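Breakdown of the fold
What follows is the residue order along each chain.
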Amino acid sequence: MRDTLELFTKIITDPGEFAEKSKDKSLYILLLLIPFNGFILGSLYIMSHFYVTTFLHPIFWIIAPLVGTLLSSQLGVFLGVYLLLATICKDDKKSKSLRVLAFNFSIAYTLYLGLAAAVIFPFLFSHNWASAIYFYDISHVILNIWIAALCAQAIQKIREETEIRTLFKVFTSYFSAYGVGALLYLIFSAMLVVSIIR
Amino acid sequence: MAFFSSFKNSLIDPTKLFVDISKEEASPIRSIAMLLLSNGVLIFVIMLGQILFASDLIYTTFDYQTNSFIIEIYTSMKFLGYYIPSNLLPLIFLEKLIFMMKMWIIPMLFVYILIYFSKEEVDFMKVFEVFSWTSSVLLILAGITAVFLGIRFIQPLYYHYIYYLIFVAFFVLVIPIYLIVGLGKISGLSLYKRTLLILSLIPVFFILWTYNHSFIILAPAL
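Conventions we followed
Residues numbered from 1 in each chain as written. Chains lettered and ligands numbered in written order. Predicted model: local features only at pLDDT ≥ 70, side-chain atom pairs only at ≥ 80, totals over all residues. Heavy atoms only, no water. Helix = DSSP H or I, 4+ residues; strand = E, 2+ residues; numbered from the N terminus. Buried < 20%, exposed > 50% of the residue type's maximum accessible area, 1.4 Å probe, protein only. Contact = heavy atoms within 4.5 Å. Salt bridge = Lys/Arg side-chain N within 4 Å of Asp/Glu carboxyl O. Core = buried A, V, L, I, M, F, W, Y, C linked by side-chain atoms within 4.5 Å. Expected span 1.5 Å × (residues − 1).

1. Quick word on the overall build of chain A
Along its length, chain A carries eight helices and zero strands. Sequence-ordered secondary structure for chain A, helices as α and strands as β, is α-α-α-α-α-α-α-α. The buried share of chain A, taken over its 198 residues, is 46%. Contacts spanning at least 24 positions in sequence make up 72% of the contacts within chain A whose residues lie at least 6 apart.

Written out as structure tokens, the structure is:
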């Protein structure tokens, strides 16, 4: 337990060492984090789109995790990164770097969602939707920058290549995967809206 | 460090260029020359569209965005309402060149101050050299601009949207990579800190850009 907690702090202080030491634990924690992320994102989605402004409403507790897990752009990003790096990384370190990268994304998104929720919850409760979306965009940009920096450091630690090559792969993979995540998000959102209208 | 061999390295092998910068004495004259050359060529090609076609969308978008950018307004006479007439193209070229110089120098100062407060030893002139030699990629962007002025004949309505996607990609992908690698050669900062430092410029300038352009961001929500 203590080792795991120490690893969680390393993701901020020394992502390279984190990448080296966390490879065996990444998959299990990833499985725990996806529903947690989904719950937070689902609750934000429900509150912003259906004006549910109380945590005590039954729809919140039942539908939010399901909706959030489906709609979570984190799932799309994870899949996108996994697929793209599977194409780029053709050596025997492929599985290690992919798991580490996927885990880094999950941890970072958990922290991101908590921060975004803390920033935009007051705006949602005051029904100031425009400001809420604006600050959501800003927090999105800031935290995704942090994710890119984590990935660059992690990959540089476990792969021996030039910095330019690492940065180029991380940036292009990341932004491409983000496009996949955004597309999945749009598709699932549209499906949900259509099913509710019907 | 010969100017032309450095210029060749900046486009073909930037790592070698930044290694040379870290080893040799900083040269402010070469740095300023590179900044003027790269930005001047890009602005000239953008203005060529206006000269050849009149109301070219690449130029008009560039002109509108630069004139309404908050930093430009408060670092020029624009905040007093003085704008150069649109027919005085040589003066407008000079105005845009000064704008682009500001857009390189202000982030450079921001980065240097952050490095200074992180208690890392780094030479100010070397940071300036890294930024000014990174601007050489704008010559590639100038070539792309010329290509898109040709694409205008095929797709006159949407060519500027695709062009500005590429324009933003240069400033969000290519230039940060150059700066991150360059700062690594002249300082002892880790890759993680350098990536955070350089990429943090993006939301800062995004927020500044939205000051006069927030309707574009918020339109879907309104």
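Next, the rest of the story.
2. Points about the pattern of salt bridges
Residue and element names in this part refer to chain B. Tallied over the full model, the rule gives eight salt bridges over all chains. One salt bridge in this structure joins K96 and D63, with 2.7 Å as the shortest N-O distance. On the criterion of sequence distance, the pair formed by K96 in helix 6 (residues 89-117) and D63 in helix 4 (residues 57-67) is long-range, its members being 33 residues apart. D63 matches K96 in its accessibility class, with the two residues each being buried.

3. Some words on the nonpolar core
Core analysis: the largest hydrophobic core is formed by 67 residues, its most contacted members being A:L167, A:F171, B:L42, B:I58, B:V111, B:Y163 and B:L183. Ranked by residues supplied to this core, first place goes to helix 9 (residues 159-186) of chain B with 13 residues. Leaving out residues up to four positions away in the same chain, B:L42 has contacts with B:M100, B:L138, B:L141, B:A142, B:T145, B:Y163 and B:F167. Counting residues in hydrophobic clusters, the runner-up holds five residues, among them A:L143, A:W146, A:A149 and A:L150.

4. A word on helix 6 of chain B
Compared with an ideal rise of 1.5 Å per residue, which puts 29 residues at 42 Å, helix 6 of chain B spans 42 Å between its outermost C-alpha atoms and is within 8% of the ideal. Once helix 6 of chain B finishes, B:K119 follows within two positions and takes phi at roughly 65 degrees, a positive value.

5. A word on the environment of B:P107
All names here are of chain B. With respect to the secondary-structure elements, P107 resides in helix 6. The spacing of P107 and F205 is 98 residues in sequence and 9.0 Å in space, taken between C-alpha atoms. With near-sequence residues (within four places) excluded, P107 lies in contact with K102, F131, L201 and F205.

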